[in-house]
Amino acid sequence: MSKQTYRVCFCFRRKFGPTSSEAPEGIKALFRQYSENEVMSVDQLQRFLIEVQKEGGATREDAQGIVDKLREQRHLNVFQRKGLTLEAFFWYLFGDINPPLSPNLGVHHDMNAPLSHYYIYTGHNSYLTGNQLSSDCSDGPIIDALKRGVRVIELDIWPNSNKDDVHVLHGRTLTTPVELIKCLRSIKEHAFVASDYPVVITLEDHLTADLQAKVAEMVTQTFGDVLFSPGPECLKEFPSPESLKKRVIISTKPPKEYLQAKEITEKEVDPQKGKAADEDAWGKEVPDLRQDIANDDKDDDDEDDEDEDDEDDSAGGDKPQKNAAPEYKRLIAIHAGKPKGGLDDCLKVDPDKVRRLSLSEQQLEKAVVTHAKEIVRFTQRNLLRIYPKGTRITSSNYNPLIGWSHGAQMVAFNMQGYGRSLWLMQGMFRANGGCGYIKKPDFLLKSGPLNDLFDPKAPLPAKTTLKVTVYMGEGWHNDFSSTHFDLYSPPDFYARVGIAGVPADRVMKKTRALEDNWIPAWNEEFEFPLTVPELALLRIEVHEYDMSEKDDFGGQTCLPVSELRSGIRMVSLHDHKGEKYKSVKLLMRFDFL
């Protein structure tokens, strides 16, 4: 194809997109089945919604509503008075009114259980704009996270250089600080933009008693009645998200004496340290547990990652501390701390009080090998927070399913660490209306009939099989330049489809690459047996095959299988940061067998 011909074809695609002639044969066959004289009536559309889309409660009014919306959106003469032509039917299937997750579902989980019964959308070092060693600290990433529905914000608080005010920064690094008060005010302003459910602020405290008192004053004045402050004693049971709507909660260890931070010189910091050589433009493949443990055995010197996890004198952390600021202690609603001793002590369940425990991703990976059931039991009443290991200098992330499958509520992620792990996090929290709280499956909340606890590694029979048909894709000609993928020819796209979940369900498959086509029509089917569909995420990626270099990224999304709608659906794709493309989308079909 000549350069001029290629550009003409590209401009045509950008203006008009796919037409009914490009509809997959399977779509045309369904139209013929549910139409008469090349017109699908409202009654026939209703039958299609019930039988193919599995919308059992679909009414004639619902079908009429689809026709009316299409008429509003399109001004071309492709409608008949009594129904839809093939062109209009294709527009419905491939349009924004037909997403894979129901836009009407909203918050539908029971929100009246204790906080420990929910996965909570959790950030790590929420103030960092980039890497963990030398990037700027700002309230900007905090605002962005809250707008996305993140419900747990972490702040590391340190004295300023004059020891008379409080800054937020990643301690013992070259990160530039931001004032605590600025972060608090931004949290107040944006806390409930995306969700009414509670925001938890986890504080990593490196302050003297007088500065703790100053923090208490700042927090109290900033949040006022919005602050949930039950008093200095540990809670006997966590309140529910419903009861804490539009409230802000403070979680940290009860205060102890201030430890002077060691100064660090610029020579000691290498911002590139820890960057994986094999990371590509969209990040490494999400590792499984065995891979992680094998890698971590090489870096055991990182076992004591610096976080808010220094040992406390008691499990609940309620032993009086020297020079403690009482007004600061009263702010702490969720007590954190790690008791002295080994994992057995850490995971003891106290019937009279609840607390939060933090483990690094490495500590969790090793703990699930020897204490998997104890972790599940602990998280039925208490909160478990997992945080990235200290060698993740570039703000990369880890496999969140290891924590989720053992009941960990707060799997803390670097929200600026774009890549496949973060795509899973974003996909998980699309569930339950995107409110940032997802009810854990019942099998993680209670014991079985023989007092047994869930083990994600145990062999289980498949509960269901998800059949996925990848029909076609389009929109790249609108969101990318004509030369983005190849200088003189259309792209060669292929799709990757798979499951993230418990080890037995985890798999990735891919279509063939279609040469020279801006609107690829793969028409390929895949089947995924699922042993634990409640924890399964459907992963979808598109790449452009490049014979001489790394394949180019063409979009991705991740969807919770528990809320996936059966039938033929339009699946919007997102960029590597998780922002939805304007036009790039796939036409897919989902069937549960």
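Residues numbered from 1 in each chain as written. Predicted model: local features only at pLDDT ≥ 70, side-chain atom pairs only at ≥ 80, totals over all residues. Heavy atoms only, no water.

Q: Tell me what's going on with the overall build of the chain, and back it up with residues and numbers.
A: What the chain contains, in helices and strands, is 15 helices and 26 strands. Looking at the chain residue by residue over its 593 residues, the buried ones come to 57%. Put simply, 75% of the contacts in the chain that link residues at least 6 apart link residues at least 24 apart. Total accessible area on the chain stands at roughly 25700 Å², and carbon and sulfur atoms take up 48% of it. (Helix = DSSP H or I, 4+ residues; strand = E, 2+ residues; numbered from the N terminus. Buried < 20%, exposed > 50% of the residue type's maximum accessible area, 1.4 Å probe, protein only. Contact = heavy atoms within 4.5 Å. Areas by Shrake-Rupley, 256 points an atom, 1.4 Å probe, with all protein chains shown as cover.)

Q: Lay out helix α7 (residues 180-190) in plain terms, naming residues and giving numbers.
A: Looking at α7, one finds that the buried residues are Leu-180, Ile-181, Cys-183, Leu-184, Ser-186, Ile-187 and His-190. Buried positions along α7 lie against α6 (140-147), β6 (152-159), β7 (166-168), β8 (178-179), β9 (199-205) and α8 (209-223).

Q: How would you explain the layout of surface pockets if you had to name every residue and give the values?
A: Roughly 710 Å³ of volume is contained in the second largest pocket. The wall of the second largest pocket is formed by 28 residues, among which Leu-101, Arg-430, Leu-559, His-574 and Lys-580 lie closest to the centre. For the lining of the second largest pocket, the element with the highest residue contribution is strand β25 (residues 567-574), accounting for four residues. A class-by-class count of the residues in the lining of the second largest pocket yields 11 nonpolar, 11 polar and six charged. (1 Å grid on protein atoms, 1.4 Å probe; cavity = no way out; pocket = protein on both sides within 12 Å on 5 of 7 lines; lining within 4 Å. Points joined across faces, edges and corners; volume = space filled by probe spheres on them. Nonpolar A, V, L, I, M, F, W, Y, C, P; charged D, E, K, R; others polar.)

Q: Please give an account of the confidence of the model for the chain that cites residues and values.
A: When pLDDT is averaged along the chain, the result is 87, and 84% of the positions lie at 70 or above. Note on residues 257-281: pLDDT under 50 across the span, and 36 contacts to partners over four residues away in sequence or across chains. Note that residues 297-306 has pLDDT below 50 and, in this model, 22 contacts with residues that lie over four places away or in other chains. (pLDDT = per-residue confidence, 0-100.)

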